[in-house]
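Summary of structural features
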Amino acid sequence: MEMNFDNIEVDINPDYTMMKKVKDKLYLSQEQMDILKEFNIDYMQYNNLRELILALEELYETSGDEAINNLLDILSERDYYENYNK
């Protein structure tokens, strides 16, 4: 069976996925902020990505929610590439 992807529309919205400065050392996309708001996480209380990641790890341990796990993976990978010497 051959798949035809010619009629698939993909909505690309850079304003939704582009990193924005939230605080001095914390950058998030609107998409990430929306996910955090959905889980009632006040991301403004964190000073940097590492603090937010630690809070999300605690939340994931208690909730097991896949949306939190996915966000955690994305933020952890970004933290690694931005903040650790290779």
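Since we're looking at a predicted model, the values are computed, not measured. (Residues numbered from 1 in each chain as written. Predicted model: local features only at pLDDT ≥ 70, side-chain atom pairs only at ≥ 80, totals over all residues. Heavy atoms only, no water.)

Moving on, we come to the pattern of salt bridges. Inspection of the entire model under this criterion finds two salt bridges. A salt bridge links Asp79 to Arg50; the nearest nitrogen and oxygen atoms lie 3.8 Å apart. Of this pair, Asp79 sits in helix α4 (residues 66–83) while Arg50 is found in helix α3 (residues 49–63), placing the two residues 29 residues apart along the sequence. Judged by relative accessible area, Arg50 falls into the partly exposed class, the value being 32%. Of the charged contacts, one joins Arg78 and Glu82 as a salt bridge, the two residues approaching to 3.0 Å between their closest N and O atoms. Linking Arg78 with Glu82, this pair stays in helix α4, spanning four residues, or about one helical turn. (Salt bridge = Lys/Arg side-chain N within 4 Å of Asp/Glu carboxyl O. Helix = DSSP H or I, 4+ residues; strand = E, 2+ residues; numbered from the N terminus. Buried < 20%, exposed > 50% of the residue type's maximum accessible area, 1.4 Å probe, protein only.)

A few words now on the packing of helix α2 (residues 30–38) against α4. As a packed pair, α2 and α4 sit with axes 11 Å apart at the nearest point and diverge in direction by 135°. Relative to α4, α2 is oriented oblique. In the crossing of α2 with α4, the sense of the turn from one axis to the other is left-handed. Facing α2, whose interface residues are Gln32, Ile35 and Leu36, α4 presents Leu71, Ile74, Leu75 and Arg78. (Axes fitted to C-alpha atoms, helices over the stretch in contact; angles between N-to-C directions. Parallel < 35°, antiparallel > 145°, perpendicular 65-115°, else oblique. Left-handed = near helix turned anticlockwise from the far one by under 90°. Contact = heavy atoms within 4.5 Å.)

Core analysis: the biggest nonpolar cluster contains 16 residues, and Leu28, Leu36, Ile41, Leu52, Leu56 and Leu75 have the highest contact counts within it. If you list the elements that add at least two residues to this core, you get β2 (26–28), α2, α3 and α4. Non-local contacts of Leu28, meaning those with residues more than four positions away in its chain, are made with Met18, Met19, Lys20, Val22, Met33, Leu36, Tyr43, Leu52 and Leu75. (Core = buried A, V, L, I, M, F, W, Y, C linked by side-chain atoms within 4.5 Å.)

Moving on, we get to a nonpolar patch on the surface. Where nonpolar side chains cluster on the molecular surface, the patch consists of Tyr80, Tyr81 and Tyr84 and spans about 360 Å² of accessible area. Tracing the sequence through the fold places Tyr80 in helix α4. (Patch = residues over 30% accessible without salt bridge, like charges linked within 9 Å, V, L, I, M, F, W, Y side chains within 5 Å. Areas by Shrake-Rupley, 256 points an atom, 1.4 Å probe, with all protein chains shown as cover.)

With respect to the secondary-structure elements, Leu56 resides in helix α3. Leu56 gets classed as buried once you look at its relative accessible area, which sits at 0%. Distance from Leu56 to Asn69, taken between C-alpha atoms, is 8.2 Å for residues 13 residues apart in sequence. Apart from residues no more than four positions distant in its own chain, Leu56 is found in contact with Leu36, Ile41, Ile68, Leu71, Leu72 and Leu75.

Without other data, these values stay purely geometric and don't point to any function.
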